[in-house]
Structure formats: structure tokens, C-alpha cells
Amino acid sequence: QVRLVESGGGLVQPGGSLRLSCAGSGITFKIYTMAWYRQAPGKQRELVAAITSAGSTNYADSVKARFTISRDNAKSEVYLQMNSLKPEDTAVYYCNAERRIAVSERSYSYWGQGTQVTVSS
């Protein structure tokens with residue numbers, strides 16, 4: 001079975017830091033694009049950061065220069081280092097693994113259960 005398990009969420013004060021981790025199993029981890037999404041109450045789920053199998057990264061404008069996504073393929077893990085946290089970063093953060101096969105125009109996507117991040121004083 002495919003599993004993505006997030007950890008590292010919690011309560012932090014504005015300006016603080018937090019590191020989220022996602023451990024994957026049941027997939028050939030290194031060939032998947034990994035990403036972090038978040039969803040705040042009453043809002044749509046949004047892409048926060050993504051990292052391809054080649055190591056290219058992409059960030060939402062709201063988190064650029066504050067968040068860093070990285071991966072360790074030997075451990076089948078992806079991380080999100082979050083610095084200078086703001087109250088508006090409060091959300092449930094989800095780990096995502098995606099693989100797209102161009103020749104067949106098919107895609108495979110898997111999700112973790114989510115971890116709560118609350119930024120409050």
C-alpha cells in the first residue's frame with residue numbers, strides 16, 4: 001500500500017520556525033514530484049511548494065524566501081522548513097506525491113493525512 005505520513009506540525013508563535021516531514025512508502029519515491037499543500041478554514045487548498053525528481057523547486061509567492069522544500073530520496077522523505085511564520089500560514093498542511101506519464105497521458109497522485117500548523121501569539 002502507498003502511504004504518506006506527515007509529522008512536525010504544531011503551535012508556534014509569529015516569527016518562529018517549524019519543520020514538517022513526510023515519509024513515503026509503497027512507491028518508487030525518487031521518481032515522484034513531491035509537494036506540500038495547505039488548506040485553511042473556509043479556503044481552497046493551495047500549493048505551497050513542490051520539488052521534482054530532478055530537484056527543481058517551485059513556491060507560492062506568499063512563502064517565497066521563508067519556506068524551503070527539500071527531499072532525501074535515500075530515506076524516502078520530503079521536508080518543508082518554515083521560517084518567519086505568520087498567522088496567515090495557519091492551515092492543515094498536506095504532503096502530496098505525483099507522477100505523470102506523458103506517453104499515456106495518465107497521472108498518479110497520493111496524499112497524506114495532513115498535519116495542523118497554528119501560528120498564534
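Further up the page is the structure itself.
First, a word on scope: everything that follows refers to the structure included in this document. (Residues numbered from 1 in each chain as written. Predicted model: local features only at pLDDT ≥ 70, side-chain atom pairs only at ≥ 80, totals over all residues. Heavy atoms only, no water.)

1. Points about unusual backbone geometry
1) Next: In this structure, serine 76 takes a positive phi of about 55° despite not being glycine.
2) Next: You can call serine 76 buried: its relative accessible area is 19%.
3) Next: In this model, serine 84 sits at a positive phi of 50°, which is unusual for a non-glycine residue.
4) Next: Mapping serine 84 onto the fold places it in the loop between strand E8 (77-82) and strand E9 (91-101). (Buried < 20%, exposed > 50% of the residue type's maximum accessible area, 1.4 Å probe, protein only. Helix = DSSP H or I, 4+ residues; strand = E, 2+ residues; numbered from the N terminus.)

2. Regarding the packing of aromatic side chains
1) Next: Evaluation of the coordinates by the stated rule reveals 2 aromatic pairs.
2) Next: Summarising the aromatic geometry, the rings of tyrosine 32 and tyrosine 110 are spaced 6.2 Å apart at their centres and angled 55° between planes, so their arrangement reads as tilted. With tyrosine 32 in the loop between strand E3 (18-25) and strand E4 (33-39) and tyrosine 110 in strand E10 (residues 106-111), this residue pair connects regions lying 78 residues apart in the sequence.
3) Next: The exposure class of tyrosine 32 is buried, given its relative accessible area of 4%.
4) Next: Under the relative-accessibility criterion, tyrosine 110 is labelled partly exposed at 26%.
5) Next: Directly above the ring of tyrosine 37 sits arginine 45, whose terminal nitrogen or CZ lies 5.5 Å from the centroid. (Phe/Tyr/Trp six-rings, centres within 6.5 Å; stacked < 30°, edge-to-face > 60°. Lys NZ or Arg CZ within 6 Å of the ring centre and 35° of its normal.)

3. Some thoughts on the environment of alanine 49
1) Next: Assignment of secondary structure puts alanine 49 in strand E5 (residues 46-51).
2) Next: Separated by 10 residues in the primary sequence, alanine 49 and tyrosine 59 place their C-alpha atoms 4.4 Å from one another.
3) Next: Beyond its immediate stretch of four places on either side in the chain, alanine 49 contacts Met34, Ala35, Trp36, Asn58, Tyr59, Ile69 and Leu80. (Contact = heavy atoms within 4.5 Å.)

4. Here's the deal with the state of the cysteines
1) Next: Taken as a whole and assessed by the stated rule, the structure comprises 1 disulfide.
2) Next: Two residues share a disulfide in this structure: cysteine 22 and cysteine 95, whose sulfurs sit 2.1 Å from each other. Here the disulfide of cysteine 22 and cysteine 95 is left-handed, its torsion about the S-S bond being about -80°. Within this pair, whereas cysteine 22 is found in strand E3, its partner cysteine 95 is found in strand E9, the two being separated by 73 residues in sequence. Just as cysteine 22 is buried, cysteine 95 falls in that class too. (Disulfide = S-S within 2.5 Å.)

5. Description of the side chain of asparagine 96
1) Next: Structurally, asparagine 96 can be placed in strand E9.
2) Next: At 3.1 Å, the side chain of asparagine 96 forms a polar contact with the backbone oxygen of tyrosine 110.
3) Next: Not counting the four nearest positions on each side in its chain, asparagine 96 is found in contact with Leu4, Thr33, Met34, Ala35, Tyr37, Ser109, Tyr110 and Trp111. (Polar contact = N/O pair within 3.5 Å; in protein donor to acceptor, adjacent residues only side chain to side chain.)

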